[in-house]
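In case you want the letters, here they are:
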Amino acid sequence: MARKKLGGAEINKMQLKLPALSANEGMARAAVAAFCSQLDPTAVELADVKCAVSEAVTNCIVHAYKNCDGWIYINVSLLEGRVAKIEIKDKGCGIENVKQARMPLFTTDAASERSGMGFTVMESFTDRVSVTSKVGKGTRIILYKVFASRGDT
């Protein structure tokens, strides 16, 4: 089954590059939410975006670079049709098996307190999640969020 295209032409975009430090997770979340505010979302829609971005950025911080320095690259495009396309990528270790990593409760670090629910959370708060990864090259997550028309709320 073919996927329905989300959104139309790009109407605005933002790029952000942050060191992969836990202190920057809140900055990434706030910056993306502030940018998406141009689409006049509801408070609940903004909270959804913040939660999904937090999970994606935290995955970069915790898993991509393990115990070394690295960068998180965030690109946000606002599209016609009240759609935000949020790309979060790293140039870290990559994911060996994306399908397995997207399974609820799967974790590569059973000794930690990680729940293995990051992708599930991202999927719960957005309309579509795309994940591509290459071992040794990094991971790219694209989150799509469709904001309701103000007359639909």
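Thresholds, definitions, all that
Residues numbered from 1 in each chain as written. Predicted model: local features only at pLDDT ≥ 70, side-chain atom pairs only at ≥ 80, totals over all residues. Heavy atoms only, no water. Pairing = 2+ DSSP bridges. Helix = DSSP H or I, 4+ residues; strand = E, 2+ residues; numbered from the N terminus. Axes fitted to C-alpha atoms, helices over the stretch in contact; angles between N-to-C directions. Contact = heavy atoms within 4.5 Å. Core = buried A, V, L, I, M, F, W, Y, C linked by side-chain atoms within 4.5 Å. Buried < 20%, exposed > 50% of the residue type's maximum accessible area, 1.4 Å probe, protein only. Polar contact = N/O pair within 3.5 Å; in protein donor to acceptor, adjacent residues only side chain to side chain. Salt bridge = Lys/Arg side-chain N within 4 Å of Asp/Glu carboxyl O.

Caption draft 1: Up close: the sheet that holds strand β4 (residues 128–134). Taking strand neighbours across the sheet as the criterion, the five strands line up as β1-β2-β3-β5-β4 in an open arrangement whose pairing is antiparallel. Each edge of the open sheet carries a strand with a single partner, namely β1 (10–19) and β4. In this sheet, adjacent strand axes meet at a mean angle of 10° when their direction is disregarded. With seven bridges joining them, strand β3 (residues 83–90) and strand β5 (residues 138–146) adopt antiparallel strand pairing. Note on β5: the bridge partner recorded for Glu87 is Ile142. Each of β1, β2 (71–79) and β3 is contacted by helix α1 (residues 25–36), which is oriented at about 170° to β1, the strand it contacts most.

Caption draft 2: Looking closely at the nonpolar core. Residues Val32, Cys36, Ile74, Val76, Ile86, Ile88 and Leu143 are the most contacted members of the largest nonpolar core, which totals 35 residues. Every element with two or more residues in this core is listed here: β1, α1, α2 (43–64), β2, β3, α4 (118–125), β4 and β5. If you tally residues by element for this core, the top one is α2, at nine residues. Excluding anything up to four places from it in sequence, Ile88 contacts Val53, Ala56, Val57, Cys60, Ile72, Tyr73, Ile74, Thr139, Arg140, Ile141 and Leu143. Counting residues in each nonpolar core, the second largest holds five residues, with Leu6, Leu79, Val83 and Tyr144 among its members.

Caption draft 3: Quick look at the side chain of Ser54. If you trace the backbone, Ser54 turns up in helix α2. By relative accessible area, which is 12% here, Ser54 ends up buried. Only 2.5 Å separates the side chain of Ser54 from the side chain of Glu25, close enough to count as a polar contact. Each residue touching Ser54, except ones within four places of it in the same chain, is listed here: Glu25 and Arg29.

Caption draft 4: Quick look at the pairing of β3. Among the eight residues of β3, six are classified as buried, and the element is accordingly described as predominantly covered. Note: β2 against β3, eight bridges, orientation antiparallel. Its bridge partner being in β3, Leu79 is matched across the sheet by Val83. Remark: three residues form the turn of the hairpin made by β2 and β3, two consecutive strands paired antiparallel; Gly81 in that turn has positive phi of roughly 90°.

Caption draft 5: Looking closely at the pattern of salt bridges. Under the defined criterion, the tally for this structure stands at three salt bridges. Two residues, Asp48 and Lys145, come together in a salt bridge whose shortest N-O distance is 3.1 Å. With a gap of 97 residues between them, Asp48 in helix α2 and Lys145 in strand β5 connect regions that are remote in the sequence. This pair shows no difference in class: Asp48 is buried, exactly as Lys145 is. The partner of Arg140 in a salt bridge is Glu87, with the nearest N and O atoms 3.3 Å apart. With Arg140 in strand β5 and Glu87 in strand β3, the pair connects residues that are 53 residues apart, well separated along the chain. Of the residues examined, Arg140 reaches a relative accessible area of 36% and is grouped as partly exposed. With relative accessibility at 13%, the residue Glu87 sits in the buried group.

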